[in-house]
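So the chains spell out like this:
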Amino acid sequence: RRFWRDSARPSRHPSTVVGDMKGIAVATDRLQELIEQAQRGNRAAFDDVVTELEPRLRSTISRRIGAHLRAALDEDDVYQDTLTRAFESIDRFQWRGNGSFLGWLGAIAENLIRSAADKQKRRAAFEVARPGESPFVVSAGTALRREERLERLEQALGELPEDYREVIILAR
């Protein structure tokens, strides 16, 4: 493990000035200043902030979208919707430090993803198979066995006295 002791330590963040702690403060101050400008309606300042945070926000979105949602939810759409909602409600954002804006964007993205997951669950719960169709994909052999069992059941019901048949049908 290497520990950086000198002032030539490489920066992990593109906006920080390499080599002095004042650079980090300047970058934080600049980020806060851009956000304040965006809160006053400056779209260019908002664009500068989200351009700076784009890789990290996209990474957050990618991690949050599970495999079950990937087919139904596009990461680019979530990213764009997140930015749209953020710009529309940026006046409600409160600066709480360097990571607060990214955290706020992440929360917006999380809410969008949860909303999409809830919609997908509701859709799946209310999907009804058409008469004669199964909601599940089955093999030809399984379908044939089901059909044969249904025919045997119908035949057995037909052989029952009318009263018994009516009780079974009403009980179902």
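Data block above holds the structure.
**Here's the deal with the overall build of the protein**
So, step 1. Summing up its helical and strand segments, the protein has seven helices and zero strands in all.
So, step 2. When the helices and strands of the protein are listed from N to C terminus, the series reads α-α-α-α-α-α-α.
So, step 3. For the protein, the accessible area works out to roughly 13,200 Å², and carbon and sulfur atoms hold 51% of it.

**Examining the packing of helix α2 (residues 43–64) against helix α4 (residues 75–88)**
So, step 1. Packing of α2 against α4 brings their axes to within 11 Å, and their N-to-C directions diverge by 140°. In terms of orientation, α2 lies oblique with respect to α4. Crossing angle aside, the handedness with which α2 passes α4 is right-handed. Taken together, the residues of α4 that come into contact with α2 (itself represented by R43, F46, V50, E54, L57, R58, I61 and S62) are E75, D76, V78, Y79, T82, L83, A86 and F87.
So, step 2. When its residues are assigned to classes, the contact of α2 with α4 shows nine nonpolar, two polar and five charged.

**Quick look at the packing of aromatic side chains**
So, step 1. Applying the stated criterion across every chain, the model contains four aromatic pairs.
So, step 2. A centroid spacing of 5.1 Å and a plane angle of 65° characterise the contact between F46 and F87, whose relative ring orientation is edge-to-face. One end of the pair, F46, is in helix α2; the other, F87, is in helix α4, with 41 residues separating them in the sequence.
So, step 3. Judged by relative accessible area, F87 falls into the partly exposed class, the value being 24%.
So, step 4. With a centroid separation of 5.1 Å and an interplanar angle of 90°, the aromatic rings of F93 and F101 are classed as edge-to-face.
So, step 5. Among the aromatic residues, those joined into a cluster by ring pairs are F93, F101 and W104.
So, step 6. Here the guanidinium or amino end of R43 rests over the ring plane of F87, the centre of that ring lying 4.6 Å away.
So, step 7. The ring centre of Y79 lies 3.9 Å from the NZ or CZ of R58, which sits over that ring.

Calculation criteria
Residues numbered from 1 in each chain as written. Predicted model: local features only at pLDDT ≥ 70, side-chain atom pairs only at ≥ 80, totals over all residues. Heavy atoms only, no water. Helix = DSSP H or I, 4+ residues; strand = E, 2+ residues; numbered from the N terminus. Areas by Shrake-Rupley, 256 points an atom, 1.4 Å probe, with all protein chains shown as cover. Axes fitted to C-alpha atoms, helices over the stretch in contact; angles between N-to-C directions. Parallel < 35°, antiparallel > 145°, perpendicular 65-115°, else oblique. Left-handed = near helix turned anticlockwise from the far one by under 90°. Contact = heavy atoms within 4.5 Å. Nonpolar A, V, L, I, M, F, W, Y, C, P; charged D, E, K, R; others polar. Phe/Tyr/Trp six-rings, centres within 6.5 Å; stacked < 30°, edge-to-face > 60°. Buried < 20%, exposed > 50% of the residue type's maximum accessible area, 1.4 Å probe, protein only. Lys NZ or Arg CZ within 6 Å of the ring centre and 35° of its normal.

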